[in-house]
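Below are the chains, spelled out letter by letter.
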Amino acid sequence: MKKIRSEKNTSKENSSQDRAESGKLKEVKSNVAGIDVGSETIFISTTKDDEVKSFRTFTESYIQAIEYLKEKEVTSVVMEATGVYWIAFHEMLEEAGLEVYVVNGRHVKNVPGRKTDVLDCQWLRTLHSYGLLRKSFIPDEKIRALRSYMRLRDDNVRMGSQHIQHIQKALELMNIKLTSVLSNIMGVSGLNIIRAILDGQRNEEELLKLCDRSVRDKKKDEVLKALRGSYKEEHLFLLKQALRSWEFYQSQLKECDKEIEKLLIEMTKDKDDISPDTSKPGKRNPGSPNKVEIDQLHRHILRLTGGRDAEKMVGISDSLFLQLISELGTDLKSAWKTEKHFTSWLGVVPPQNRSGKGKRRFKGKINTRAGQLFRLAARGVAKSKDTALGGFYWRKKSKHGGKVANKATARKLAVMFYNIMTKGIIFVEQVLKKYQENYDRKRLESLKKQAARFNLSLVPA
């Protein structure tokens, strides 16, 4: 542990402190500390007059830092979310019974005069004592564990997809046009052909027999033409390496699914069993080869959420539902008071403010994982033209383009998800029904106005 002399503040900082002391700002929190966490050293400021102290980032040093905070009778600490360095210390502080505020660095980056880590921790403490910092959303320990598994699973999916591109490249180098005749070369037919080629099979007729019956019946001639290529050793070696790498990441996905299933069973062991309601099945996205493979996954999710079934929403599958829970938890009301707070945090609202004089002020770009998931769900909504949300997407796209339409639809889905998790599916169904009725009424009024322009009238069929 090192003692560091408190650095002098700039004139702007002194003036802001003077204003605070003169009564314009009052301290609302006492016994607080500011912590700046780095990769090798942390800096702690407990009071305005005390010296800033530094500790190393070893576990033993973290224990010493917590003892120091307790000696100073600190009850609440604040730190910036810097990479992943804060996570281990945050967990230890929570276990020690301290209130921990993890704040977004953008909220304090414009404080004037901050030049070093020492001033960082001092100003974090000052702002926290005045109640000027907002606590970042951090789910409970079980949800954090689920989030770790789901994010690792996503990494495996992403890295496995790179090797699918290598497989496609190897086939193209050999002029084997499987990608032109099969919608998915990593499906049953495609994998059977690739593995047979690596085993030495070169006869097109024999390779065709490995395809699904529908492929043989509808695309026989095209597949035979696509399988005529030049099987060079170097390209076959590339194909073999790429397939083995893809299979490795598929095995990693299965291991992740096993760990996720264990965690779900543990999280729901004390909850009531809830059977899925099959009377009103929701519309689901087309099956994905990377979907979570867990027996009775939907039942586990319903037990975890207390029967709040967001899977009934268009565009939301079981796998996507589980991803959203891993990022947001199940108690949305305590984290976000209203749906507007929720959508703003997700980053699915327009990133601008308009002043009274008509000037626009653009905010910084917000890109959360949960927001990306709702944008992904919006792509599924775009494929369903027979739903209220599908119609909303296409109307937005015709006026403002696909990017705006995707974001606006993602916001609609986020609001529906929030309402389901806080008010139930019946409330959302009523809202959608009312939305569709209002839209139909406005269309009818518009048609009547257009008919009146030509001295015509509408007659019911």
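Just so it is clear, the model here is predicted, and its values are computed rather than measured.

Definitions and limits used
- Numbers given to residues run from 1 along each chain, matching the order in which its sequence is written.
- Local features in a predicted model are, by the rule used here, given only for residues with pLDDT of at least 70; side-chain atom pairs are given and counted only at 80 or more, and totals for whole chains, interfaces and linings are based on all residues.
- With hydrogens and water stripped out, all remaining heavy atoms of the structure feed into the side-chain values.
- Axes here mean lines fitted to C-alpha atoms, for a helix over just the part in contact, with angles spanning 0 to 180 degrees between N-to-C directions.
- Numbering of helices and strands runs from the N terminus, with a helix taken as a DSSP run of H or I at least four residues long and a strand as a DSSP run of E at least two residues long.
- If an angle is under 35 degrees, it is roughly parallel; if it is over 145, roughly antiparallel; if it lies from 65 to 115, roughly perpendicular; otherwise it is oblique.
- Two helices cross in a left-handed way if the nearer one is turned anticlockwise from the farther one by less than a right angle. They cross in a right-handed way if the turn is clockwise.
- In this description, contact between two residues means that some pair of their heavy atoms is separated by no more than 4.5 Å.
- Accessible area is worked out with a 1.4 Å probe on protein chains only. A residue is then buried under 20% of its type maximum, exposed over 50%, and partly exposed in between.
- Following DSSP output, two strands are said to pair if at least two bridges run between them.
- Here a polar contact means two N or O atoms within 3.5 Å. Within protein one must be a hydrogen donor candidate and the other an acceptor candidate, and residues neighboring in sequence count only if both atoms are side-chain atoms.
- We define a salt bridge as a side-chain nitrogen of Lys or Arg found within 4 Å of a carboxyl oxygen belonging to Asp or Glu.

S.K.: Outline the packing of helix H13 (residues 318–328) against helix H16 (residues 369–382), supporting the account with residue identities and numerical values.
M.R.: Relative orientation of the contacting elements H13 and H16 amounts to 160°, with a least axis distance of 9 Å. Compared by their axis directions, H13 and H16 come out roughly antiparallel. For the pair H13 and H16, the crossing hand works out as left-handed. Here Leu320, Gln323, Leu324, Glu327 and Leu328 of H13 come into contact with H16, specifically with Arg369, Ala370, Leu373, Phe374, Leu376 and Ala377.

S.K.: Got a sec to walk through helix H12 (residues 297–305)? Specific residues and values, please.
M.R.: Of all 9 residues in H12, 8 are buried, a share of seventy percent or more. Within H12, burial applies to Leu297, His298, His300, Ile301, Leu302, Arg303, Leu304 and Thr305. Packing partners of the buried residues in H12 comprise helix H11 (233–267), H13 and helix H18 (402–423). Phi turns positive, to about 75°, at Gly306, one or two residues after H12.

S.K.: For the pairing of strand E3 (residues 41–45), give the residues involved together with the corresponding values.
M.R.: The buried count for E3 comes to 4 of 5 residues, which makes it a mostly enclosed element. Linking strand E2 (residues 32–37) back to E3 in an antiparallel pair, the connection comprises 3 residues. Sheet topology note: the E3/strand E4 (residues 52–56) ladder contains 4 bridges and is antiparallel. In the sheet register, Thr41 faces E4, and the bridge partner there is Arg56.

S.K.: Please give an account of the side chain of Thr343 that cites residues and values.
M.R.: For Thr343, the location among the structural elements is in helix H15 (residues 339–346). Residue class for Thr343 comes out buried when judged on its relative accessible area of 3%. Within the structure, the side chain of Thr343 is placed 3.2 Å from the backbone oxygen of Lys340, a separation counted as a polar contact. Look past the residues within four positions of Thr343 in its chain and what remains in contact with it is Val348, Val349, Arg411, Ala414 and Val415.

S.K.: Now, about the pattern of salt bridges: what can you tell me, with residues and values included?
M.R.: Evaluation of the coordinates by the stated rule reveals 10 salt bridges. For Lys142, the salt bridge is made with Glu266, and the minimal N-O distance between the two is 2.6 Å. Highlighted residues: Lys142 in helix H5 (residues 141–173) and Glu266 in helix H11, separated in sequence by 124 residues. The class for Lys142 is partly exposed, based on a relative accessible area of 37%. Note that Arg158 is salt-bridged to Asp155, the shortest N-O span being 2.8 Å.

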